[in-house]
Structures are given as structure tokens and as C-alpha cells.
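Fold and geometry: a report
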Amino acid sequence: MGATGSKLEKALGDQFPEGERYFGLENFGNTCYCNSVLQALYFCVPFREQLLEYYGNIKNPGDTEENLLTCLAELFMQISTQKKKTGVIAPKRFVQRVKKENELFRGYMHQDAHEFLNFLLNELVDILEKEANASKGSKEHSSPSEKIPNGVHVPQANGVRKEPLVTWVHKNFQGILTNETKCLRCETVTARDETFLDLSLDIEQNSSITSCLKNFSSTETLNAEDKFFCDKCCSLQEAQKRMKIKKPPHILVIHLKRFKYMEQLGRYKKLSYRVVFPLELKLTNTMEDADCEYSLFAVVVHVGSGPNHGHYVSLVKSHNHWLFFDDENVEMIDESAVQTSFGSAQEYASNTDHGYILFYESLAATNSGH
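Each chain has its residues counted from 1, running along the sequence as written. Confidence filtering applies because this is a predicted model: local features only for residues at pLDDT of at least 70, side-chain atom pairs given and counted only at 80 or more, and all residues used for totals across whole chains, interfaces and linings. Note that water and hydrogens are dropped before the side-chain values are worked out from all heavy atoms of the structure.

1. A few points about the overall build of the chain
Put simply, DSSP H or I for four residues or longer makes a helix, DSSP E for two residues or longer makes a strand, and each gets a number counted from the N terminus. For the chain, the helix and strand inventory stands at nine helices and 20 strands. Out of the 370 residues in the chain, the part that is buried amounts to 46%. Residue contacts are counted whenever heavy atoms from the two residues lie within 4.5 Å of one another. Partitioning the contacts of the chain with sequence separation of at least 6, the portion at a separation of at least 24 is 67%. Taken as a whole, the chain presents about 19000 Å² of accessible surface, with 47% of it coming from carbon and sulfur. The buried label applies to any residue whose accessible area, calculated with a 1.4 Å probe on protein chains only, is under 20% of its type's maximum; exposed applies above 50%, and partly exposed to all values in between. What sets the accessible areas is the Shrake-Rupley method with a 1.4 Å probe; for residues, cover comes only from the shown protein chains.

As C-alpha cells, then:
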């Protein structure tokens, strides 16, 4: 443990970022799905800063009821305030809390990192919304100068609360999709907005993120049994449907659907397809005219040939250096090492490291001092 710490410090030397901490996380029996996602979130700097700020606003941490948000904040606080620059931390309380909150993660089975990320972000949002509603209720009975419980403060537009509540988790990860359906008889377009915290993309062999995103936004014809009920025609009609990104998020999380249910096998199969993801990504299928540019800062990688076993590790970019996090181990890697997790063009390849969840940060967000 001490040796790896000093090895990483030696590798970075004078370039070790001021105030940064690189800590491995202990595995509590198949908790790599959790560790890999936690490392990606820790190095999502705007999220980390807002979480620590939230924790700093809790007046008496000892009196606050423990939940997933406080456990995550405590863990991030514990890492960021370590005296040593490198080492290993046991995220015991956080893992216990996850298991308490969700029976899905209770056993020692191999878990899905994407399901965990989804559960975690939605749970954090729920907690923040409940706290904001509770503070709103208590504010009605108190003077405005009193403290806001747990530091959740939602700015009010002209004194009117905007619904629904947008938390700092939303501000980082939430984007808006528009589902457009055009009736082919009267040509009326019906648009419905929906929010997302991550995008799940179907993948194909020898493809790229850009082509997967194009397919995601491609036009689909609704006919035969799938006809669309057009309100204007008052009947079922053939229609064209497509998804567009109306508002891209600050942090774009892309989940590659590598686990596919095979009807004939009656089980899931892992797709080891080669899907190239760039370090810099341009989103072109948005409704805004300007292309949105993003920079890759973390990859959660699934290692193994099947969906029910295997291992998760993460590749993280921090202060222009790439690092490899594998539970307790942290190593410096070359940027080119990211390419080894694109996948393979042959079905049975010896390399089973495949990029599974990609984290991109908007360059507009970083340039504005985010």
C-alpha cells in the first residue's frame, strides 16, 4: 500500500497537483462496480466541489440524519482532507448505506455499474428535493434570516419558486431530449420534452460514439401496429419519430449498451464490439445551432467476457494526467492507454477491457471557470 503510494508520487514528482488526492478504494467483496463509479464522480470536479460545499453547510453533521448523500459527502470529505497525497480508503459506511437503501446491491453478486450510477444520482436528487421542500415548509414558519437546513438553497425567480426544483445534481448532469413525432397525413409535429441524467446508446461493431449518437437521433417510421394517434386527424396514422438533444448537459454521461438479451439463448451476452470514443467530442445532433464540445475525463471499464462476472476499473483524467483506478490500486497511465478499452473488432479477443460508461465535461463549462 505504502509502496504504490510512493510510486505514484514518484511518477508525478513535481507535477503532483497542489491539494489533489489520489486514493484507492477498498473492495468489500464485489464492490468494484461502486468503487469505479465513485472515482469517476470524485474527479467530476464541479460535482465534487458542490458536494463538499453542501457538506460544509451542514451545521451539525452529528445531528443530521444519515442518508446516501451525507455518506457520499463524508467519503469525499475524507479523501480530500487526507494528510497523505496517496493511499487507500475503505468506503465502508457508504457501501453499507447503499446496501441498506437498495436490496439490489445487497448480495455479493456481480453488479452493474450503470444501474448503480443511475440509482445513486436519482437517490441524491430525491434527498435534495425532500430537504428543499422541508426547508420551504419551515421557512413559512420562520424568519428569512434563520438557517436553511443542510444548506440547500434554491434561488427564487421574482419570489416565485420555479417548478420543478433544479438541484445542483441536475445542474451538472441533466439534459433535455425532445421527442418529435410528425404525422405523415397532416404533417403536424408533436414535440414532447423529457429530461435525462445519462444517455444509453445502442452499439454496433466497428462504430464510434458519433455514429451511435447519430443512430440515437435517426428518424424512425411508425407504421403497421406502431401507428401514432394524431390528435389533429383524430385517428391512428403513419408517422415519423426522432429524438433530438434540446439542451445538452454540463456533464454528459454516455452508457454503452454492452449487455444484450439474446432471445435464443435466454440470457444476456456481453458485446465486445469496438466502439471508438474520442478524447474531445462534438455533439452535432442538438437543437442549438452551435456544436457543443466536450472533453473526456473518466471511463468506467468492464473487464471480462460475460455480463454476470468480471470486474470494473476506471480511467480518470485529472490535471492533464491520466490515472488508472482498480479498487486499492492507483497508477499513472499514458493517454494512449484509453484506446485499449474501445473494444475489439473480433468476437473472441484476449483483451476483455471495454469502455462501458463515459463521462464528458462541456468545454463551455470548463472555460467559464466551472
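2. Examining the environment of valine 299
Along the chain, the position of valine 299 falls in strand β16 (residues 292-303). Along the sequence, valine 299 and phenylalanine 359 sit 60 residues apart, while their C-alpha atoms lie 6.2 Å from each other. Sequence-distant contacts of valine 299, that is, excluding residues within four places in its chain, are made with Phe277, Val313, Ser314, Leu315, Ser341, Gly355, Ile357 and Leu358.

3. Comments concerning the pairing of strand β11 (residues 251-256)
In terms of residue burial, β11 counts as a mostly covered element, since six of its six residues are buried. The alternating pattern of β11 places Ile251, Val253 and His255 and Leu252, Ile254 and Leu256 on opposite faces, both of which are buried. At least two bridges found by DSSP between two strands are what make those strands a pair. Bridge count for strand β5 (residues 199-201) against β11 is three bridges, and the pairing is parallel. If you follow leucine 201 over to β11, its bridge partner there is leucine 256. In this sheet, strand β20 (residues 353-362) lies alongside β11 in antiparallel orientation, the contact comprising five bridges. Residue pairing in the sheet places histidine 255 in a bridge with isoleucine 357 of β20.

4. As for the environment of aspartate 231
Mapped onto the elements of the fold, aspartate 231 is located in the loop between β8 (228-230) and β9 (235-237). Taking the C-alpha atoms as reference points, aspartate 231 and threonine 190, separated by 41 residues in sequence, lie 9.2 Å from one another.

5. Focus: the pattern of salt bridges
Salt bridges are identified by distance alone: a Lys or Arg side-chain nitrogen within 4 Å of an Asp or Glu carboxyl oxygen. Enumeration according to the criterion identifies nine salt bridges in this entry. The closest approach of N and O atoms between glutamate 66 and arginine 93, which form a salt bridge, is 2.6 Å. Of this pair, glutamate 66 sits in the loop between α3 (45-56) and α4 (68-80) while arginine 93 sits in helix α5 (residues 92-101), placing them 27 residues apart in sequence. Arginine 93 sits in the partly exposed class, given a relative accessible area of 45%. For arginine 97, the salt bridge is made with glutamate 66, and the minimal N-O distance between the two is 3.3 Å. Here the residue arginine 97 occupies a position in helix α5, and glutamate 66 occupies one in the loop between α3 and α4, the gap between them amounting to 31 residues. According to the relative accessible area criterion, glutamate 66 is partly exposed, its value standing at 28%. Three or more residues are tied together by salt bridges with common partners; here these are Glu66, Glu74, Arg93, Arg97 and Glu101.

6. Side note on the packing of aromatic side chains
A pair of Phe, Tyr and Trp rings is counted when the ring centres sit within 6.5 Å of each other, with Trp represented by its six-membered ring. The angle between the planes then sorts it: under 30 degrees is stacked, over 60 is edge-to-face, the rest tilted. Here the structure, examined in full by the defined rule, presents 19 aromatic pairs. Centre to centre, the rings of phenylalanine 43 and phenylalanine 325 are 5.5 Å apart; their planes meet at 35°, and the pair counts as tilted. Within this pair, whereas phenylalanine 43 is found in the loop between α2 (32-42) and α3, its partner phenylalanine 325 is found in strand β18 (residues 321-326), the two being separated by 282 residues in sequence. Residue phenylalanine 43 shares its accessibility class with phenylalanine 325, and that shared class is buried. Grouped by ring-pair contacts, the aromatic residues Phe16, Tyr22, Tyr42, Phe43, Phe47, Tyr54, Phe76, Trp168, Phe173 and Phe325 constitute a single cluster.

7. Quick word on the sheet that holds strand β4 (residues 189-196)
Pairing is antiparallel across the open sheet formed by four strands, whose spatial order is β4-β3-β10-β7. Every interior strand has two partners, whereas the edge strands, β4 and β7 (220-222), have only one. Ignoring which end each strand starts from, the neighbouring axes of this sheet average 30° apart. Both strand β3 (residues 175-183) and strand β10 (residues 239-247) contribute to a ladder of eight bridges, which runs antiparallel. Following the sheet pairing, leucine 177 is matched in β10 by isoleucine 245. The angle between two axes is taken between their N-to-C directions and runs from 0 to 180 degrees, where each axis is a line fitted to C-alpha atoms and a helix contributes only its stretch in contact.

8. Digging into the pairing of strand β1 (residues 22-25)
Burial along β1 is two-sided: the face carrying Tyr22 and Gly24 and the face carrying Phe23 and Leu25 are both buried. Looking at chain direction, β1 and strand β2 (residues 86-89) are connected through four bridges and run parallel. Looking at the pairing, phenylalanine 23 lines up with glycine 87 of β2.

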